[in-house]
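Residues per chain are reported as follows:
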Amino acid sequence: MTRVYLDSNIFRYLKDVEKLDLFEKLISSKDELIYYYSFAHLSDLSRDKSEKKFEDLLFMEQIVDKNFLNLYPDEKFVNCQIATPSEAYNSSDFSPINEVLNFPKLFEEMKIREDDSPEVKLAKENFETLLHAPLESLGYPNLTDIIGDDNPVKKLLPKLPENGTLRDLIQGMLNSFNDLIEDPSIWREFRSFSIQYLGLQKFDLVINSVDFNNLLKDTPIQKTFLEFVEDTFKHNKDLEKQRQFNFFINAYNCLNLLGLDKERNKKVVFSSFQNDAQHAFYASHCDYLVSNDEQLLIKARILYELFNIETRVLNFIEFETFINQNKKEEYNFKLFQEQLLDLFNSGEVVNDFNTEEQNKRVIVYRLKYKFFGFFNYLNLVIKNEENPVFIFYNESNNYSRFMSFIEFSKVTNKIISLLGPDNYSQEQFTEEDKKLIIENNWQGRAWRFQNDSYYLNIDDSEKKFVFYYIPDHKISEPT
């Protein structure tokens, strides 16, 4: 199955009644394409203070079903949840950070109570002492006095009272972050200052050039772009917990901060491009990112190139052309056999090795087209005196580390429609199949016709969804 990620502006575009024919095209394409949404879509809608956003969530559901990409704070990688946009939105918290991190409540809870143990009382006393310690005694200078008035960094720093404490600093930093989100001028001034201070406007930095990563070496930065992004991690080890996500987001931000994206400063809105960065990140788990936002497409394209992510970037006109060119074709056994015969001509050999201990040769093909709309790689295993084994699997050439149940279901049902019920009378994918996969006890499907064998299962060693074909005859080794 082909994964597609539509930016928020595409849903708005499709909701126009005049685009009904386009909307219906997307709905009819869902046999071959799987549409995903993410937390970034929900965050976009959270800025709408009216009830209209709930209509938008229901509209989105008609396209994305329950295919929700999300990254939990305690997890390293994105996974796919089963949740409608409305369910996901209603279970999310979009409160400002100074409300989410409720320090007044924390401070109240840290007050000493009569039933506290001596150890707890001592800990609370030490905590209270630390919170009320003057920042000067902690070696923290008043940076707003040091930094010049013409430096926009000053706007990013909290305004502290005379003899400010650690408690004042914590609350002030939270308020400053919310100011950054609510007041576009703060980031615009900061961005303009950084570009002028580094003199980057004097250099011809072409963002979509092949050697883009090295272009910054000849500027005052004197580092590659990726080295510059890496430096953003040096002073915050917490970013390492979700390194893939944070590195990508920081890289996206740096393209904007340094003016490398050539976006006009008056159009830059901090909260918007932060969300765009997340859209680009979540889309990197799919085959296609579709957007009508040119700036998002530019930045996503360069980062995908830098990180070797093969997610394709399309505007909606290009995507509509893609849908029209990939009309649904009735899959049948004859077509399957023709594709098998064409493997050696059309497949690209990407590896070829022998395992002496098992006396077998393995030839790895990258396939020209996806078998059953999903399997894009093949291992042809040839062993002396035995029938060859064709092992089809999917290799994600992007950030994806998951397979969704909708993919399990669609692929299984496609093969069932071709081969029929298996030898154990198992037919289409059911809730029981889903339960067995979760329990790591799925037996898949098995067929045997005239001594040819077919198996659909999860490989124990690689944990990949695989389809085996074992013909009842030898083949001459491909050269």
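Presented here is an overview of the structure given in this document. Just so it is clear, the structure is predicted and the values come from calculations on it, not from any experiment.

**Re the sheet that holds strand 7 (residues 348–355)**
Adjacent strands of a sheet pair through backbone hydrogen bonds, lying either parallel or antiparallel. Pairing is antiparallel across the open sheet formed by seven strands, whose spatial order is 7-8-9-10-13-12-11. The open sheet has two edge strands with one neighbour each: strand 7 and strand 11 (445–449). Averaged over all pairs of adjacent strands, the angle between strand axes in this sheet comes to 20°, irrespective of strand direction. Note: strand 12 (residues 452–458) against strand 13 (residues 465–470), six bridges, orientation antiparallel. Counterpart to Tyr454 in the pairing with strand 13 is Tyr469. The strands that helix 20 (residues 405–419) touches are strand 9 (375–383), strand 11, strand 12 and strand 13; relative to strand 11, the one it contacts most, it runs at about 20°.

**So, the environment of Lys30**
By secondary structure assignment, the location of Lys30 is in the loop between helix 2 (20–28) and strand 2 (33–38). Through-space distance from the C-alpha of Lys30 to that of Val64 is 9.1 Å; in sequence the pair is 34 residues apart. Residue contacts for Lys30: discarding those within four places in its chain leaves Tyr35, Gln62, Ile63, Asp65 and Lys410. Within the structure, Lys30 has its side chain in polar contact with the side chain of Asp65 (distance 3.1 Å).

**As for the pairing of strand 13**
Regular strands have side chains that alternate between both faces of the sheet. For strand 13, a buried count of five out of six residues is recorded, marking the element as mostly surrounded by other parts of the structure. Inspection of the sheet shows strand 10 (residues 389–393) paired to strand 13 by four bridges, in the antiparallel sense. Bridging across to strand 13, Ile391 finds its partner in Tyr468. Hairpin remark: strand 12 followed by strand 13, antiparallel, with six residues in the connecting loop; positive phi at Lys463, about 60°.

What counts and how
Residues numbered from 1 in each chain as written. Predicted model: local features only at pLDDT ≥ 70, side-chain atom pairs only at ≥ 80, totals over all residues. Heavy atoms only, no water. Pairing = 2+ DSSP bridges. Helix = DSSP H or I, 4+ residues; strand = E, 2+ residues; numbered from the N terminus. Axes fitted to C-alpha atoms, helices over the stretch in contact; angles between N-to-C directions. Contact = heavy atoms within 4.5 Å. Polar contact = N/O pair within 3.5 Å; in protein donor to acceptor, adjacent residues only side chain to side chain. Buried < 20%, exposed > 50% of the residue type's maximum accessible area, 1.4 Å probe, protein only.

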